[in-house]
Amino acid sequence: MALDRRNFLKAAAATVGGAALSACGGGTKEKSCCKDSKDACCTGKGKDVNISFQEWTLEGESLSGKLDFMEKLGVKGLEVGGNGLSGRVNELKQALNGRDIKISAICAGFKGFMLSEEESVRNECRDSMREIITAAGALGSTGVIIVPAFNSQKPVKPHTQETRDFLCQWFDELGTFATENGTTVILEPLNRREAFYLRLVADAASICRDINNPGVTCLGDFWHMTWEETSDMGAFISGGKYIQHVHIASRKRRLMPGEDGDADNYVDGFRGLKIIGFDKYISFECGSKAEDRNAAAAAGVELIRKQWEEA
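Keep in mind that this is a model prediction, so the values were computed, not measured.

> Looking at this model, I keep getting lost on helix α5 (residues 161–180). Mind explaining?
Counted at 1.5 Å a residue, the expected span for α5 with its 20 residues is 28 Å, and the 29 Å between its end C-alpha atoms agrees. Among the residues of α5, Thr163, Arg164, Leu167, Cys168, Trp170, Phe171, Leu174, Gly175, Phe177 and Ala178 are the ones counted as buried. Buried residues belonging to α5 abut α4 (119–139), β4 (143–146), β5 (185–187), α6 (201–211) and β6 (216–221). Once α5 finishes, Gly182 follows within two positions and takes phi at roughly 75°, a positive value.

> Looking at this structure, how should I read the environment of Arg88?
Tracing the backbone shows Arg88 in the loop between β2 (77–81) and α3 (89–96). With a relative accessible area of 17%, Arg88 lands in the buried category. Sequence separation between Arg88 and Ala135 is 47 residues, and the spatial gap between their C-alpha atoms is 8.5 Å. What Arg88 contacts, discounting residues up to four positions off in sequence, is Glu55 and Leu63. Here Glu91 takes part through its side chain, which lies 3.0 Å from a polar atom of the side chain of Arg88.

> Please explain unusual backbone geometry as it appears in this structure.
Of all residues except glycine, most have a negative phi; of all peptide bonds, most are trans. Between Lys154 and the following residue, Pro155, the backbone shows a cis peptide bond with an omega angle of -10°. Tracing the sequence through the fold places Pro155 in the loop between β4 and α5. Although it is not a glycine, Asn212 sits at a positive phi angle of roughly 55°. Among the secondary structure elements, Asn212 is positioned in the loop between α6 and β6. Given the relative accessible area of 62%, Asn212 is considered exposed. Unusually for a residue other than glycine, Arg254 sits at a positive phi of about 60°. Inspection of the secondary structure puts Arg254 in the loop between β7 (243–248) and α9 (267–275). Exposure remark for Arg254: the relative accessible area of 22% places this residue in the partly exposed category.

Quick notes on the rules
- Residues numbered from 1 in each chain as written.
- Predicted model: local features only at pLDDT ≥ 70, side-chain atom pairs only at ≥ 80, totals over all residues.
- Heavy atoms only, no water.
- Helix = DSSP H or I, 4+ residues; strand = E, 2+ residues; numbered from the N terminus.
- Expected span 1.5 Å × (residues − 1).
- Buried < 20%, exposed > 50% of the residue type's maximum accessible area, 1.4 Å probe, protein only.
- Contact = heavy atoms within 4.5 Å.
- Polar contact = N/O pair within 3.5 Å; in protein donor to acceptor, adjacent residues only side chain to side chain.

Here you go:
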(Lines give C-alpha, C1' and ligand atoms only; values in the text may rest on other atoms or scores of the structure.)
Protein backbone atom coordinates (compact mmCIF):
# COMPACT_ATOMS: atom_id res chain seq x y z
CA MET A 1 0.00 0.00 0.00
CA ALA A 2 1.40 3.38 -0.94
CA LEU A 3 2.13 5.57 2.06
CA ASP A 4 0.21 8.63 0.94
CA ARG A 5 -1.29 11.20 3.31
CA ARG A 6 -4.78 9.68 3.30
CA ASN A 7 -3.58 6.15 4.12
CA PHE A 8 -1.12 7.44 6.69
CA LEU A 9 -3.82 9.36 8.59
CA LYS A 10 -6.23 6.43 8.45
CA ALA A 11 -3.56 4.17 9.89
CA ALA A 12 -2.69 6.71 12.59
CA ALA A 13 -6.32 7.08 13.65
CA ALA A 14 -6.76 3.33 13.74
CA THR A 15 -3.64 3.05 15.91
CA VAL A 16 -4.92 5.64 18.38
CA GLY A 17 -8.37 4.07 18.54
CA GLY A 18 -6.95 0.56 18.69
CA ALA A 19 -4.64 1.47 21.55
CA ALA A 20 -7.52 2.95 23.50
CA LEU A 21 -9.73 -0.06 22.88
CA SER A 22 -7.00 -2.61 23.59
CA ALA A 23 -6.68 -1.20 27.10
CA CYS A 24 -10.25 -2.36 27.55
CA GLY A 25 -9.42 -5.89 26.52
CA GLY A 26 -9.86 -5.25 22.81
CA GLY A 27 -13.18 -3.46 23.20
CA THR A 28 -15.17 -6.70 23.46
CA LYS A 29 -18.33 -6.76 25.51
CA GLU A 30 -17.19 -9.88 27.34
CA LYS A 31 -14.22 -8.17 28.94
CA SER A 32 -14.33 -5.50 31.58
CA CYS A 33 -13.33 -1.92 30.97
CA CYS A 34 -10.15 -0.26 32.18
CA LYS A 35 -9.37 -0.18 35.86
CA ASP A 36 -8.85 3.56 35.62
CA SER A 37 -12.14 5.17 34.55
CA LYS A 38 -10.21 8.14 33.19
CA ASP A 39 -8.66 6.02 30.44
CA ALA A 40 -9.79 7.11 26.98
CA CYS A 41 -11.59 3.88 26.15
CA CYS A 42 -13.75 4.13 29.27
CA THR A 43 -14.95 7.69 29.03
CA GLY A 44 -17.82 6.92 26.67
CA LYS A 45 -18.56 3.41 27.89
CA GLY A 46 -22.14 2.78 28.97
CA LYS A 47 -23.44 6.15 27.83
CA ASP A 48 -26.60 6.27 25.77
CA VAL A 49 -26.58 8.24 22.55
CA ASN A 50 -28.41 11.57 22.82
CA ILE A 51 -30.29 12.13 19.58
CA SER A 52 -31.63 15.51 18.51
CA PHE A 53 -33.90 16.59 15.66
CA GLN A 54 -33.81 19.94 13.98
CA GLU A 55 -37.24 21.55 14.22
CA TRP A 56 -37.91 20.94 10.51
CA THR A 57 -36.84 17.26 10.54
CA LEU A 58 -40.39 15.92 10.83
CA GLU A 59 -43.54 16.49 8.81
CA GLY A 60 -46.37 18.58 10.20
CA GLU A 61 -47.05 22.19 11.11
CA SER A 62 -47.58 21.70 14.85
CA LEU A 63 -44.53 21.90 17.09
CA SER A 64 -46.40 20.05 19.85
CA GLY A 65 -47.21 17.23 17.43
CA LYS A 66 -43.56 16.95 16.43
CA LEU A 67 -42.50 16.90 20.07
CA ASP A 68 -45.04 14.16 20.83
CA PHE A 69 -43.54 12.01 18.07
CA MET A 70 -39.99 12.77 19.23
CA GLU A 71 -40.85 11.64 22.75
CA LYS A 72 -42.20 8.35 21.40
CA LEU A 73 -38.86 7.82 19.66
CA GLY A 74 -36.88 8.81 22.75
CA VAL A 75 -35.31 11.80 20.98
CA LYS A 76 -33.90 14.08 23.69
CA GLY A 77 -32.92 17.26 21.85
CA LEU A 78 -34.55 19.91 19.69
CA GLU A 79 -32.31 22.05 17.46
CA VAL A 80 -33.91 25.29 16.31
CA GLY A 81 -32.86 28.13 14.02
CA GLY A 82 -31.41 31.36 15.34
CA ASN A 83 -33.37 33.69 13.08
CA GLY A 84 -36.00 35.42 15.25
CA LEU A 85 -35.08 33.25 18.24
CA SER A 86 -35.29 36.08 20.78
CA GLY A 87 -39.02 36.37 20.02
CA ARG A 88 -39.57 32.62 20.50
CA VAL A 89 -38.02 32.05 23.92
CA ASN A 90 -41.32 31.91 25.82
CA GLU A 91 -42.98 29.83 23.09
CA LEU A 92 -40.22 27.23 23.19
CA LYS A 93 -40.07 27.13 26.98
CA GLN A 94 -43.80 26.49 27.15
CA ALA A 95 -43.63 23.85 24.41
CA LEU A 96 -40.90 21.93 26.28
CA ASN A 97 -42.40 22.36 29.75
CA GLY A 98 -42.91 18.93 31.32
CA ARG A 99 -41.22 17.10 28.45
CA ASP A 100 -38.03 15.08 28.45
CA ILE A 101 -36.66 17.15 25.57
CA LYS A 102 -34.23 20.05 25.80
CA ILE A 103 -32.95 22.61 23.32
CA SER A 104 -29.71 21.26 21.87
CA ALA A 105 -27.82 23.66 19.60
CA ILE A 106 -29.07 26.74 17.81
CA CYS A 107 -28.50 26.51 14.05
CA ALA A 108 -27.04 29.80 12.79
CA GLY A 109 -29.61 32.50 11.91
CA PHE A 110 -27.12 35.35 12.22
CA LYS A 111 -26.78 38.18 9.72
CA GLY A 112 -23.67 39.25 7.87
CA PHE A 113 -20.47 37.22 8.23
CA MET A 114 -17.46 37.53 10.43
CA LEU A 115 -14.71 37.41 7.79
CA SER A 116 -16.13 40.19 5.66
CA GLU A 117 -13.76 42.89 4.45
CA GLU A 118 -16.47 45.39 5.35
CA GLU A 119 -16.65 46.44 8.99
CA SER A 120 -20.39 47.13 8.84
CA VAL A 121 -21.04 43.52 7.75
CA ARG A 122 -18.81 42.15 10.53
CA ASN A 123 -20.59 44.32 13.09
CA GLU A 124 -23.94 43.07 11.83
CA CYS A 125 -22.73 39.52 12.40
CA ARG A 126 -21.43 40.31 15.89
CA ASP A 127 -24.62 42.10 16.99
CA SER A 128 -26.99 39.46 15.61
CA MET A 129 -24.90 36.68 17.17
CA ARG A 130 -25.03 38.38 20.56
CA GLU A 131 -28.82 38.55 20.30
CA ILE A 132 -29.04 34.84 19.42
CA ILE A 133 -26.57 33.89 22.16
CA THR A 134 -28.64 35.72 24.77
CA ALA A 135 -31.74 33.77 23.70
CA ALA A 136 -29.77 30.52 23.56
CA GLY A 137 -28.62 31.02 27.13
CA ALA A 138 -32.19 31.67 28.28
CA LEU A 139 -33.22 28.37 26.66
CA GLY A 140 -30.34 26.38 28.16
CA SER A 141 -28.92 25.58 24.73
CA THR A 142 -25.53 23.94 24.31
CA GLY A 143 -24.45 26.65 21.88
CA VAL A 144 -24.95 28.70 18.73
CA ILE A 145 -23.52 27.33 15.49
CA ILE A 146 -21.60 29.73 13.27
CA VAL A 147 -19.68 29.51 9.99
CA PRO A 148 -16.95 32.18 9.55
CA ALA A 149 -17.74 32.64 5.83
CA PHE A 150 -19.52 30.77 3.05
CA ASN A 151 -17.98 30.65 -0.42
CA SER A 152 -20.73 32.89 -1.78
CA GLN A 153 -20.04 35.71 0.68
CA LYS A 154 -17.86 38.47 -0.75
CA PRO A 155 -15.68 40.43 -0.28
CA VAL A 156 -13.93 38.16 2.20
CA LYS A 157 -10.66 38.43 4.07
CA PRO A 158 -7.78 36.44 2.51
CA HIS A 159 -6.78 33.03 3.81
CA THR A 160 -3.73 34.21 5.80
CA GLN A 161 -2.25 34.04 9.27
CA GLU A 162 -3.43 37.59 9.87
CA THR A 163 -7.01 36.52 9.10
CA ARG A 164 -6.72 33.57 11.47
CA ASP A 165 -5.44 35.87 14.23
CA PHE A 166 -8.39 38.16 13.60
CA LEU A 167 -10.73 35.16 13.76
CA CYS A 168 -9.30 34.10 17.12
CA GLN A 169 -9.66 37.57 18.60
CA TRP A 170 -13.21 37.88 17.30
CA PHE A 171 -14.24 34.49 18.68
CA ASP A 172 -12.56 35.08 22.01
CA GLU A 173 -14.74 38.13 22.60
CA LEU A 174 -17.88 36.34 21.44
CA GLY A 175 -17.00 33.26 23.50
CA THR A 176 -16.69 35.35 26.64
CA PHE A 177 -20.14 36.80 25.99
CA ALA A 178 -21.49 33.28 25.47
CA THR A 179 -19.97 32.07 28.75
CA GLU A 180 -21.59 34.97 30.58
CA ASN A 181 -24.92 33.73 29.17
CA GLY A 182 -24.32 30.10 30.11
CA THR A 183 -23.77 28.80 26.59
CA THR A 184 -21.12 28.61 23.84
CA VAL A 185 -20.44 29.49 20.23
CA ILE A 186 -19.86 26.45 18.01
CA LEU A 187 -17.54 26.62 14.98
CA GLU A 188 -18.78 24.44 12.12
CA PRO A 189 -16.37 23.08 9.49
CA LEU A 190 -18.07 22.56 6.10
CA ASN A 191 -16.99 20.88 2.88
CA ARG A 192 -15.02 22.93 0.36
CA ARG A 193 -18.00 23.40 -1.96
CA GLU A 194 -19.75 25.41 0.76
CA ALA A 195 -16.96 27.06 2.74
CA PHE A 196 -13.32 26.67 1.85
CA TYR A 197 -11.95 28.55 4.85
CA LEU A 198 -12.77 25.98 7.55
CA ARG A 199 -13.12 22.37 6.40
CA LEU A 200 -11.58 20.00 8.97
CA VAL A 201 -12.61 19.27 12.53
CA ALA A 202 -8.94 19.48 13.54
CA ASP A 203 -8.71 23.00 12.09
CA ALA A 204 -11.74 24.12 14.11
CA ALA A 205 -10.39 22.44 17.25
CA SER A 206 -6.99 24.09 16.83
CA ILE A 207 -8.69 27.49 16.77
CA CYS A 208 -10.56 26.56 19.95
CA ARG A 209 -7.29 25.44 21.55
CA ASP A 210 -5.45 28.62 20.62
CA ILE A 211 -8.25 30.83 21.93
CA ASN A 212 -8.51 28.74 25.11
CA ASN A 213 -11.92 30.11 26.04
CA PRO A 214 -14.60 27.72 27.42
CA GLY A 215 -17.20 29.60 25.40
CA VAL A 216 -15.57 28.66 22.07
CA THR A 217 -16.27 25.12 20.83
CA CYS A 218 -16.77 23.25 17.56
CA LEU A 219 -18.78 20.49 15.94
CA GLY A 220 -18.34 17.60 13.55
CA ASP A 221 -20.86 17.05 10.75
CA PHE A 222 -20.88 13.55 9.24
CA TRP A 223 -22.13 14.88 5.90
CA HIS A 224 -19.29 17.37 5.49
CA MET A 225 -16.80 14.89 6.99
CA THR A 226 -17.71 12.43 4.23
CA TRP A 227 -16.04 14.71 1.69
CA GLU A 228 -13.21 16.18 3.76
CA GLU A 229 -11.98 13.82 6.47
CA THR A 230 -9.73 10.81 6.00
CA SER A 231 -11.14 9.11 9.10
CA ASP A 232 -14.34 9.79 11.05
CA MET A 233 -12.80 8.43 14.22
CA GLY A 234 -9.61 10.42 13.71
CA ALA A 235 -11.60 13.59 13.10
CA PHE A 236 -13.52 13.32 16.36
CA ILE A 237 -10.41 12.37 18.31
CA SER A 238 -8.69 15.44 16.88
CA GLY A 239 -11.65 17.55 18.06
CA GLY A 240 -11.44 16.04 21.53
CA LYS A 241 -12.84 18.12 24.36
CA TYR A 242 -13.82 20.92 22.01
CA ILE A 243 -16.57 18.89 20.29
CA GLN A 244 -19.84 20.39 21.52
CA HIS A 245 -22.31 19.08 18.94
CA VAL A 246 -22.61 16.64 16.04
CA HIS A 247 -24.71 16.80 12.86
CA ILE A 248 -25.69 13.65 10.99
CA ALA A 249 -27.25 12.81 7.61
CA SER A 250 -27.04 10.09 4.98
CA ARG A 251 -23.63 10.03 3.39
CA LYS A 252 -24.46 10.37 -0.30
CA ARG A 253 -27.55 12.58 -0.63
CA ARG A 254 -27.83 14.25 2.82
CA LEU A 255 -31.10 12.50 3.61
CA MET A 256 -32.24 10.67 6.75
CA PRO A 257 -29.58 8.27 8.08
CA GLY A 258 -30.24 4.96 6.36
CA GLU A 259 -31.74 6.35 3.16
CA ASP A 260 -28.44 5.79 1.36
CA GLY A 261 -28.27 2.14 2.41
CA ASP A 262 -24.93 0.56 3.28
CA ALA A 263 -23.13 3.88 2.69
CA ASP A 264 -24.66 5.15 5.93
CA ASN A 265 -22.15 3.70 8.32
CA TYR A 266 -21.20 5.85 11.29
CA VAL A 267 -19.59 3.23 13.53
CA ASP A 268 -16.05 4.52 13.05
CA GLY A 269 -17.11 8.02 14.01
CA PHE A 270 -19.13 6.79 16.97
CA ARG A 271 -16.03 4.98 18.24
CA GLY A 272 -14.18 8.27 18.13
CA LEU A 273 -16.99 10.00 20.01
CA LYS A 274 -16.95 7.29 22.67
CA ILE A 275 -13.19 7.61 23.04
CA ILE A 276 -13.46 11.35 23.75
CA GLY A 277 -16.40 10.78 26.12
CA PHE A 278 -18.90 12.73 24.02
CA ASP A 279 -22.20 13.02 25.91
CA LYS A 280 -23.99 15.83 24.11
CA TYR A 281 -26.28 15.67 21.05
CA ILE A 282 -26.11 14.01 17.64
CA SER A 283 -28.62 16.04 15.65
CA PHE A 284 -30.38 15.23 12.38
CA GLU A 285 -29.58 17.84 9.70
CA CYS A 286 -31.06 16.34 6.57
CA GLY A 287 -33.90 16.06 4.10
CA SER A 288 -35.75 12.95 2.95
CA LYS A 289 -36.92 11.30 -0.25
CA ALA A 290 -39.15 8.83 1.60
CA GLU A 291 -42.90 8.84 1.09
CA ASP A 292 -43.31 8.87 4.87
CA ARG A 293 -40.77 11.35 6.25
CA ASN A 294 -41.55 10.55 9.88
CA ALA A 295 -41.14 6.82 9.30
CA ALA A 296 -37.76 7.51 7.71
CA ALA A 297 -36.76 9.58 10.75
CA ALA A 298 -37.80 6.75 13.07
CA ALA A 299 -35.74 4.27 11.03
CA GLY A 300 -32.79 6.67 11.21
CA VAL A 301 -33.03 6.81 14.99
CA GLU A 302 -33.04 3.01 15.14
CA LEU A 303 -29.99 2.83 12.88
CA ILE A 304 -28.03 5.31 14.96
CA ARG A 305 -28.79 3.47 18.20
CA LYS A 306 -27.78 0.14 16.64
CA GLN A 307 -24.50 1.49 15.30
CA TRP A 308 -23.77 3.33 18.56
CA GLU A 309 -24.01 -0.01 20.34
CA GLU A 310 -21.77 -1.62 17.72
CA ALA A 311 -19.17 1.07 18.31
